[in-house]
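Spelled out, the chains give:
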Amino acid sequence: MPLNPLSIFYHVLDRWQLHLSGYVDISYKCDPNAVRTIGKSANVDLAGISLVNIDRVNTYFEQLLIADPDLLSTIVDSLYQIAIIQQAPIRDNCWFNFIGAMTIKVATHTWKKIPQPQQCEELFEQLIAPSLSVESLLTGFNPQYQSNLLVGLQAWTYTVIRNNSFANLRSNGNAYFGLSNFGIVTRSSYKTIKMALLNRFAPSEVEAYISICKVFKSYLSRSSISTDRLELNNWEDILVEVRVRSMTLSVKELRDRVELIGSLIRKYDSPIIQPYDDTNQSIFIDDDINFASLEPEIEGAKLGLADLFAIIDRFISSLSAESRHIIQLRHQQKLKHKDIAAIVSRDQPYISKHLGKLYLKLLDLIHAQLSHPDGYESQKNSQALKATEELLSQYFDRD
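Position numbers for residues count from 1 along each chain, tracking the sequence in the order it is written. Predicted model: local features are reported for residues with pLDDT of at least 70 only, side-chain atom pairs are reported and counted for 80 or more only, and whole-chain, interface and lining totals are derived from all residues. Only hydrogens and water are set aside; all other atoms, that is, all heavy atoms of the structure, feed into the side-chain values.

(A) Looking closely at the nonpolar core. Side-chain atoms within 4.5 Å link the members of a nonpolar core, which is a set of buried Ala, Val, Leu, Ile, Met, Phe, Trp, Tyr and Cys residues. To sort residues, take the accessible area from a 1.4 Å probe on protein chains only and compare it with the maximum for the residue type: under 20% means buried, over 50% means exposed, and anything in between is partly exposed. L6, F9, Y10, I38, F61, W95 and F98 are the most contacted members of the largest nonpolar core, which totals 44 residues. Secondary-structure elements contributing two or more residues to this core are α1 (7–10), α2 (32–42), α3 (54–67), α4 (71–85), α5 (94–111), α7 (134–140) and α8 (149–171). With sequence-adjacent residues up to four places away left out, F98 is seen in contact with I8, F9, L137, L150, L153, Q154 and T157. In this structure, I193, C213, L230 and W235 belong to the second largest nonpolar core, which totals 31 residues. Numbered from the N terminus, helices here are DSSP runs of H or I no shorter than four residues, and strands are runs of E no shorter than two. Contacts: residue pairs with any heavy atoms within 4.5 Å of one another.

So, in structure tokens, the structure goes:
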């Protein structure tokens, strides 16, 4: 895909080919009708431009956007308003192409995490099959969640397509497709858990691990919290229930055991995709969004932990004495906001806001070290801020 952000509306899949190496070669063609619609929204004359020549069209729109950076927002808003008032959005319009492009984006991101021996044409065909209609796109998206309409639409659409795609694959035999190890535990029967654990532990130890699973699954069911939303206070609540069962563990030990159980189930059932939440390998930063469950991922934008810890070293040393103390109380001593407030003689809202500002500052430092694909800078989002918090905890726990 070219740098031109409008291409998502007029690029359509032409053909694709799976190579023996696992690389998928995808080619696109231009949708002339979509180009005409975009031209009308931009109030520009397309005379003299071959609307089937995708390179010429790309270059033309790129030059327009360079000359007028605000034109992108004008076009996207116009396309959105046109679609909203249509009684029945037609199949070959800009938004259908948009959904197709986002589906391919989800498919290619997912494909990279599938072990090569298990990659096949049938699986990729399933991944690029449309799972979202134009009607669902227009009625399901709330533009108030994101000030940048295109970014918001991409984020929401990516999430819905990914969830729909994964749900379809899970219902067709790949029960754990795309799940983290925590997610695997929540979706596994106790019989499956027991069989997976018996491959690793003696029967006497298995019961203790199953007890942890029961507490973990029961807590998630009662609280309606998804595994990717679990925070320290949630793990502390789970730990209280675990200790009632005469098991003395720390929060870290509890997390590690649930993680281990999930990995053993994964190995036992041999699902075809690797875990998605391996934060020990790298950190990914994506577009600015406020939607739940979007995987924070951009190709090529990653740093190793050693690099990230070096950035944190510089960040910590630059802080005032109070800010450094608050960070240490939160991430080294694992204190709650109200407890930190009492220690530093501040109120709890101040601590929460101050920590938020510190996380943003650290995120800016990390962004400064990332390569930015497609000519766009990485932006801040809730997933990235959550990853930053977890990274600080790893930094203080690393010894």
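(B) View of the environment of L18. By secondary structure assignment, the location of L18 is in strand β1 (residues 11–18). For the pair L18 and F124, spaced 106 residues apart in the sequence, the C-alpha separation amounts to 8.7 Å. What L18 contacts, discounting residues up to four positions off in sequence, is Y23, V24, W111, C120 and E121.

(C) Focus on the packing of aromatic side chains. Between 30 and 60 degrees the pair is tilted, below 30 it is stacked and above 60 it is edge-to-face, where a pair is any two Phe, Tyr or Trp rings, Trp via its six-membered ring, whose centres lie within 6.5 Å. Going through the model one piece at a time under the given rule, you end up with 16 aromatic pairs. Ring centres 5.7 Å apart and planes at 20 degrees place the aromatic pair F9 and F98 in the stacked group. Placement of the pair is F9 in helix α1 and F98 in helix α5, with a sequence separation of 89 residues. The burial state of F9 is the same as that of F98; both residues are buried. A ring pair is formed by W95 and F98, whose centres lie 5.2 Å apart and whose planes are at 70 degrees; its orientation type is edge-to-face. Pair noted here: W95 and F98 are both in helix α5, with a separation of three residues, about one helical turn. Residues W95 and F98 agree in their burial class; the two are buried.

(D) Just the pattern of salt bridges, in detail. Salt bridge, as used here, is a side-chain nitrogen of Lys or Arg placed within 4 Å of a carboxyl oxygen of Asp or Glu. Taken as a whole and assessed by the stated rule, the structure comprises six salt bridges. When the shortest N-O distance is used, the salt bridge between R15 and D14 registers 2.9 Å.

(E) Fine view of the confidence of the model for the protein chain. Mean pLDDT over the protein chain works out to 80, with 83% of the residues at or above the 70 mark. On a range of 0 to 100, pLDDT expresses the predictor's confidence in each residue. α1 holds the highest mean pLDDT among the elements of the protein chain, 93, whereas helix α18 (residues 382–397) holds the lowest, 79. Counting contacts from residues 371–378, a segment whose pLDDT is below 50, to residues more than four positions away or on other chains yields 14 contacts.

(F) Representation of the packing of α2 against α4 in the model. Lines fitted to C-alpha atoms define the axes, with helix axes restricted to the stretch in contact, and inter-axis angles between N-to-C directions lie between 0 and 180 degrees. Across the interface, α2 lies against α4 with an axial gap of 9 Å and an inter-helix angle of 115 degrees. One element, α2, and the other, α4, form an angle in the roughly perpendicular class. Where α2 crosses over α4, the handedness of that crossing is right-handed. Residues T37, I38, S41 and A42 of α2 form the contact with α4, whose own contacting residues are L71, I75, S78, L79 and I82. Any angle between 65 and 115 degrees counts as roughly perpendicular, while under 35 counts as roughly parallel, over 145 as roughly antiparallel, and the rest as oblique. Crossing chirality is assigned from the near helix's rotation relative to the far helix, an anticlockwise turn below a right angle marking it left-handed and a clockwise turn marking it right-handed.

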